[in-house]
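# Residue-level structure breakdown
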Amino acid sequence: MSGAVLSQAFWLVCDPYVLWVILASAVFGLFVGAVPGLTATMATALLVPVTFFMPPVPAIASIVTATAMAIFAGDIPSCLLRMPGTPASAAYTDEAYAMTKKGQGELALGSGLWFSILGGLFGTAVLIAAAPSLAEIALKFSSFEYFWLVVLGLASAVFLALGNPLKGVVSLLFGLLVASEGLDNPAGFPRFTFGIAELAGGLTLIPIMIGMFAVSEILRSVARIDEPWEMAQAKIGNVMHGMWGLTKRYPMQLLRGSAVGTAIGALPGAGADIAAWMSYAISKRFSREPEKFGTGHIEGIIEAGASNNSALAGAWIPALVFGIPGDSITAIVIGVLYIKGLNPGPTIFMNNAPAIYAVFMVFILANLLMLPLGLAAIRAAKQMLRAPREVLLPVILLFCIVGSFAINNSIFGVVLMLAFGLVGYVMEENGFPIAPAILGMVLGAMLEENFISSMIKADGSLLAFFERPIAGALGVLTLAVFSVPLIRRTMAIPRRRRQK
Amino acid sequence: MPGQKFGPAWFPGLVAGGLGICGVLLIAGGLRERSPWAEVPEWIRSARARAGIAALVGGLLFYVLAADALGFDITGVALLALWMRLLGASWRVTLPVALIATLLIHFAFYKLLRVPLPWGVLETLAF
């Protein structure tokens, strides 16, 4: 990385238009994150149609900023309503609410903000350090290595997720089946098109994601419209009070949470929500006072709160270097990268260095901006949480319609959105996780291509998949992921906790 | 496909086989735990939720069928008004929000982002 590239990147970020986009996305992200039922992934899916018409750097910057803000803001309703604003806060919602009930709501909100920032900066540092060096190794990868990477991603989506792994597999296979639709396969042969012209090009992913992440979430909120939101009384003064003390008291928790979060994020397929669950469990397991967990104890909130924000940056590592999403947010981002001509892959650091370093700078900027904007959001929390759902949900749905339409300027996008919205809703209600399906759709073509070309190279011999050293190691790692459900059982992480 | 060992049917075939196996395992698991064949979701008991869900799905279908003929603005205002009223908003809130939100979205996407939203019967007003 040269100084010229860095200064080019710096000026890309300093463009007033980019800064304005970052600010607007930050406010949007804070709002979406703070309102239960609207998630960070949904924010990303809703942003895509808008970013469609922006230059690459502001387009990516808006997603980076909005998601970072949303994952933090998810902590706000955890403290005040006992409802996670995004699934990434679900792991410690009860803990945070218990703190509010004890009169420590200020402390819970403050550490949510402060340790989100520190975790986010940690993840960003790892992203900046690891991605370019990983890319150099990745230049030597052949179809065997890529095949294993894809399988590793799909396996972690299934086996790291909470819930029944069998249902995760079904969800994943469904995604792969959707991905095999259309002409875009190694043989160039039209599959499952039923003679319909719209189906020949394959299914467009963005309307599908708007359906599965936004429409299904709206349906769920409408189904629960009769449940009142009861706000806990909390005096909110100077929430940053005592943060320095906590940082000095729990440095290990902060570091461990950030490291685990970044690693889980970087592992393809698993994202911020799983990182938070894991970190909360680890925190309790190694705590000197595990009996206090669940009664309104700050330790787990610090570790898991840092963890979910660091996972966000970690997820970009495989997304940028291999084009394999680290979580469901980057699954959407990869599509945006292709549209913007920033094709992910090991060569991205050579071909698009200024743009990528600009994105890294946006990561840092977003986490720094979180301090003033997050404080403002905490102050405005009561007003935000009073936003009437009966007005909000219809307007978001109309926005979804236009967004799905805008990708191809075709009404078929709206059809796809509706169909997959219903599928996503029914799946979630019956315990089938959505993330594996999305990952299957994003990675299906890559999996098939690398599998078929590896099989042709090896003339059908499966042993060839283990013969190259890195491929062999990746293969073994993938098989190791299969044992995670067992480890989880011994660590007693709940198998299934639905977001309420 | 002739002459090719791994043709276009290979991969979907593999996936379908996997789905079949998972299906059998899930059914076996369900039988073992004696879970009920079907369950009624809880929201079915709430009139407001029932109406809301039906209106959401029906409204989206209506948009797909009618937007080209009626245009985005008329369909949008009608749907927003229907949804908000059924979810419990008052007319005083519903009317201005439906109008302003539709026009705002139309303006943002049509003017700023250049998405050709259909004008329908309002074609003569197109700007």
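The structure presented is a predicted model; accordingly, all values stated were derived computationally and were not measured. (Residues numbered from 1 in each chain as written. Chains lettered and ligands numbered in written order. Predicted model: local features only at pLDDT ≥ 70, side-chain atom pairs only at ≥ 80, totals over all residues.)

## Digging into the overall build of chain A
Along the backbone of chain A there are 25 helices and 0 strands. At 22 Å, chain A has a C-alpha radius of gyration in line with the 23 Å of a compact globule built from 500 residues. Dimensions along the principal axes, computed over C-alpha positions, put chain A at roughly 65 × 50 × 50 Å. The buried share of chain A, reckoned over its 500 residues, is 61%. Of all intrachain contacts in chain A linking residues separated by at least 6 positions in sequence, the fraction that spans at least 24 positions is 79%. (Helix = DSSP H or I, 4+ residues; strand = E, 2+ residues; numbered from the N terminus. Rg over C-alpha atoms; globule rule 2.2 N^0.38 Å. Buried ≥ 20, exposed ≤ 12 C-beta atoms within 10 Å, placed from the backbone. Contact = placed C-beta atoms within 7 Å.)

## Details of helix α3 (residues 72-87) of chain B
For α3 of chain B, built from 16 residues, the straight-helix expectation of 22 Å at 1.5 Å per residue is met to within 8% by its first-to-last C-alpha distance of 22 Å. Buried within α3 of chain B are the following residues: F72, D73, T75, G76, L79, L80, W83, M84, L86 and L87 of chain B. Those residues of α3 of chain B that are buried are in contact with α11 (205-223) and α21 (389-408) of chain A together with α2 (47-70) and α4 (91-112) of chain B. (Expected span 1.5 Å × (residues − 1).)

## Considerations on the environment of W119 of chain B
Considering the arrangement of structural elements, one finds W119 of chain B in the segment after α4. When the C-alpha atoms of W119 of chain B and R32 of chain B are compared, they prove to be 57 Å apart, with 87 residues separating the residues in sequence.

## Considerations on the interface of chain B and chain A
On the side of chain A, 43 residues touch chain B, which itself brings 44 residues to the contact. Counting residues per element, the ones that place at least two in the side of chain B that touches chain A are α1 (10-32), α2, α3 and α4 of chain B. Ranked by residue count, the leading element in the side of chain B that touches chain A is α2 of chain B, at 10 residues. For the side of chain B that touches chain A, the residue count by class is 34 nonpolar, 7 polar and 3 charged. (Nonpolar A, V, L, I, M, F, W, Y, C, P; charged D, E, K, R; others polar.)

## Considering unusual backbone geometry
What is expected of a backbone is that most residues other than glycine have negative phi and most peptide bonds are trans. Residue and element names in this part refer to chain A. If you check the backbone angles, R82 has positive phi at about 60 degrees while not being a glycine. Structurally, the position occupied by R82 is in the loop between α5 (75-81) and α6 (93-101). Despite not being glycine, N409 shows a phi value in the positive range, around 50 degrees.

## Let's talk about the packing of helix α4 (residues 56-73) of chain A against helix α7 (residues 105-138) of chain A
Residues and elements named next belong to chain A. The geometry of α4 relative to α7 is characterised by a closest axis approach of 9 Å and an angle of 140 degrees between their N-to-C directions. One way to sum up the angle between α4 and α7 is to call them oblique. Regarding α4 and α7, the two cross each other, and that crossing is right-handed. Contact residues: α4 offers A68, I71 and F72, while α7 offers G112, L113, S116 and G120. For the contact of α4 with α7, the class distribution of residues is 4 nonpolar, 3 polar and no charged. (Axes fitted to C-alpha atoms, helices over the stretch in contact; angles between N-to-C directions. Parallel < 35°, antiparallel > 145°, perpendicular 65-115°, else oblique. Left-handed = near helix turned anticlockwise from the far one by under 90°.)

## Some details on α4 of chain B
Because each turn of an α-helix spans 3.6 residues, side chains separated by three or four positions in sequence point in the same direction. Between the first and last C-alpha of α4 of chain B there are 30 Å, a value that for 22 residues agrees with the 32 Å anticipated at 1.5 Å per step. Here the buried face of α4 of chain B lies against α21 of chain A together with α3 of chain B. Backbone geometry just after α4 of chain B places R114 of chain B at a positive phi near 55 degrees.

## A word on the confidence of the model for chain A
Averaged over every residue, the pLDDT of chain A is 85; the share at 70 or more is 94%. This stretch, residues 495-500 of chain A, has a pLDDT under 50; its non-local contacts, to residues over four places away or in other chains, come to 11 contacts. (pLDDT = per-residue confidence, 0-100.)

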